[in-house]
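Overview (structure and organization)
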Amino acid sequence: AATRLVERESLANKTTMRVGGPARVYAEPAGAEDLQVLLREMHRRALPVHLLGRGSNLIIPDEGVDGLVISLGHEHWQKFEPHADGRIWAGAGLRLKNLCGLAIKAGFQGFEFLEGIPGSVGGALRMNAGAMGGWMFDVVDEVQLMTLQGEIRTMKKAEMHVDYRHCAELHEAIALGAWLKPAASAQSDDIRRQIDVYQKKRVESQPREPSAGCIFKNPPGNSAGRLIDESGLKGERVGDAEVSTVHANFIVNRGHATSADIIALVKKVRARVKAAKGVDLEPEVLL
Ligand code: EPU
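Rules used in this analysis
- Residues numbered from 1 in each chain as written.
- Predicted model: local features only at pLDDT ≥ 70, side-chain atom pairs only at ≥ 80, totals over all residues.
- Heavy atoms only, no water.
- Salt bridge = Lys/Arg side-chain N within 4 Å of Asp/Glu carboxyl O.
- Helix = DSSP H or I, 4+ residues; strand = E, 2+ residues; numbered from the N terminus.
- Buried < 20%, exposed > 50% of the residue type's maximum accessible area, 1.4 Å probe, protein only.
- Pairing = 2+ DSSP bridges.

**Quick notes on the pattern of salt bridges**
A side chain of one charge can pair with a side chain of the opposite charge when the charged atoms of the two come close. Under the counting rule described, the total for this entry stands at 25 salt bridges. Between Glu-282 and Lys-217 there is a salt bridge, with its nearest N and O atoms 3.3 Å apart. Of the two residues, Glu-282 is situated in the segment after α6 (259-277) and Lys-217 in the loop between β16 (211-214) and α5 (224-230); the sequence distance between them amounts to 65 residues. For Glu-282, a relative accessible area of 46% puts it in the partly exposed group. Lys-217 gets classed as buried once you look at its relative accessible area, which sits at 18%. When the shortest N-O distance is used, the salt bridge between Lys-268 and Glu-236 registers 3.0 Å. Placement of the pair is Lys-268 in helix α6 and Glu-236 in the loop between α5 and β17 (237-238), with a sequence separation of 32 residues. Via salt bridges that share partners, Asp-85, Arg-87, Asp-141, Glu-142, Lys-156 and Lys-181 belong to a single interconnected network.

**Description of the pairing of strand β10 (residues 140-147)**
The two faces of a sheet get side chains in turn, since along a regular strand they alternate between them. For β10, a buried count of seven out of eight residues is recorded, marking the element as mostly surrounded by other parts of the structure. Where β10 lies against strand β14 (residues 173-180), seven bridges are found, and the strand directions are antiparallel. Across the sheet, Val-143 pairs through a bridge with Ala-178, a residue of β14. When β10 meets strand β11 (residues 152-156), the two strands line up antiparallel, connected through five bridges. Across the sheet, residue Val-143 finds its bridge partner in β11, namely Met-155. In this antiparallel pair of consecutive strands, β10 and β11, the connection spans four residues, and Gly-150 shows a positive phi of 90°.

Printed below as a string of structure tokens:
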């Protein structure tokens, strides 16, 4: 089946921050061959290609994205398949929340920390997303990726360069899915209890308004949230973009923020923390 290309598709509603302009071209390929055809076509038209996951860690510019935006939202990419060798295949389009839910049902332990991350498997691999002391690559055995030339490769975690919020091999390639390794088998009730503990912590310490999660990476041995808080920036605003009063490393959209508002506020926070604390915070979100 040929993939439908949509011109000037709005992206704001596909992100958790809910800002930004349209994609010049948008597509949801139905399988690997479709994706290869798309990549060839964009190469021919010399258009840049961008991958959109769950849209939770990026700020789309107000003027939109001049290129092809690909989403692996089609059900083809959302598989969760336990195998006899003890590993689980998780497609890049599978939401982390669903991965956790399916793992609980099947009695697999080790995915609990991912529950509250509003991302997909592909996005979580791309940036090695983390929470509650764990990160995505803790549960990865192998990643299947497609190069921008359309070649499919499988890589062992040990061959990859993975770090805090970073995976070098996926900067120029598309994650198609991963073979995951559960930590152990456990009773679903015990897994559920651990998730409840994480959920409670998250609800108490993180804002509910639209946001892109944490804006800055934590500097080694320090907390960006605490540094921003101690610089007196909670509640600081540019337009409808606001430094959350709940957690200072979140910028929330109070209703009608634009991408420009958010970017201006990111710059302001960065400059103020540098002046007050002597620390140059590095953004975690894709700006
Ligand atoms: N803190 C403040 N003021 C604030 C926020 C935090 O003083 O406004 C203090 C807290 O009291 C705590 C310390 O800073 O002592 C750390 O805060 P927290 O436990 O909330 O964790 P964090 O380091 O700010 C990290 C991840 C989050 C993840 C949480 C929970 C980063 C940049 N952030 O936050 O990930 O959800 O741990 O495990 O690594 C994300 O990356 O988008 C994200 C939300």
